[in-house]
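Chain and residue survey
Spelled out from the first residue to the last, the chains are:
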Amino acid sequence: MSGPRGKESALDLAKFVDKSIRVKLAGGREVVGVLKGYDQLMNLVLDEAVEHLRDPEDPLRVTDQTRPMGLLVCRGTSVMLVVPTTGTEEIANPFAQEGMEA
């Protein structure tokens with residue numbers, strides 16, 4: 001009979017160490033940076049981090065404006081999404097209706 005194991009992360013981030021990732025945080029902020037470290041609670045350390053600013057008129061839309069952040073620690077409780085920046089591309093919204101912006 002094996003005893004209870006320690007906390008394990010739901011996501012294996014080892015393959016993203018020293019690679020560029022995009023992190024979406026609670027509250028809508030988005031940052032891109034090089035993952036330097038993490039722990040089982042999803043606390044992330046990003047180097048060369050850059051925040052992508054939101055549109056002041058539409059807080060759900062991220063603009064092309066950025067703000068350099070440098071070395072950044074993202075608390076695991078606020079991390080909503082982690083994706084690699086390579087191998088992803090933006091596609092048109094297939095659910096958008098004609099005449100409406102996506």
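Residues numbered from 1 in each chain as written. Predicted model: local features only at pLDDT ≥ 70, side-chain atom pairs only at ≥ 80, totals over all residues. Heavy atoms only, no water.

By the naming in an unreviewed UniProt entry, the chain goes by Sm domain-containing protein and is assigned to Chlorella ohadii. According to its UniProt record, the chain has this under Subcellular location (unreviewed entry): "Nucleus". The UniProt entry for the chain carries the following text under Sequence similarities (unreviewed entry): "Belongs to the snRNP Sm proteins family." (UniProt positions renumbered as here; feature names shortened; annotations may be inferred.)

Of the pairings in the sheet, the one linking strand 2 (residues 30–38) to strand 3 (residues 44–54) comprises seven bridges and is antiparallel in character. Within the sheet, the bridge partner assigned to Glu-30 lies in strand 3 and is His-52. In this structure, the hairpin formed by strand 2 and strand 3 is closed by a connection of five residues, where Met-42 is found at a positive phi of approximately 70 degrees. Here strand 3 runs beside strand 4 (residues 62–74); their pairing, made up of eight bridges, is antiparallel. Directly across from His-52, in strand 4, lies its bridge partner Thr-66. (Pairing = 2+ DSSP bridges. Helix = DSSP H or I, 4+ residues; strand = E, 2+ residues; numbered from the N terminus.)

This part is about the pairing of strand 2. Extensive coverage of strand 2 is indicated by the burial of seven of its nine residues. Relative to strand 2, strand 1 (residues 20–25) runs antiparallel, the two sharing five bridges. Within strand 2, the position partnered with Ser-20 by the bridge is Val-34. Turn length for the strand 1-strand 2 hairpin, with the two strands adjacent in sequence and antiparallel, is four residues, and the turn residue Gly-27 shows positive phi of about 95 degrees. (Buried < 20%, exposed > 50% of the residue type's maximum accessible area, 1.4 Å probe, protein only.)

Taken in spatial order, the five strands line up as 4-3-2-1-5 in an open sheet, and their pairing is antiparallel. Edge positions in the sheet fall to strand 4 and strand 5 (79–84), since each of these pairs with one other strand and no more. When the angles between neighbouring strand axes are averaged without regard to direction, this sheet yields 30 degrees. Relative to strand 5, strand 1 runs antiparallel, the two sharing five bridges. Residue pairing across strands places Leu-25 opposite Val-79, the latter belonging to strand 5. (Axes fitted to C-alpha atoms, helices over the stretch in contact; angles between N-to-C directions.)

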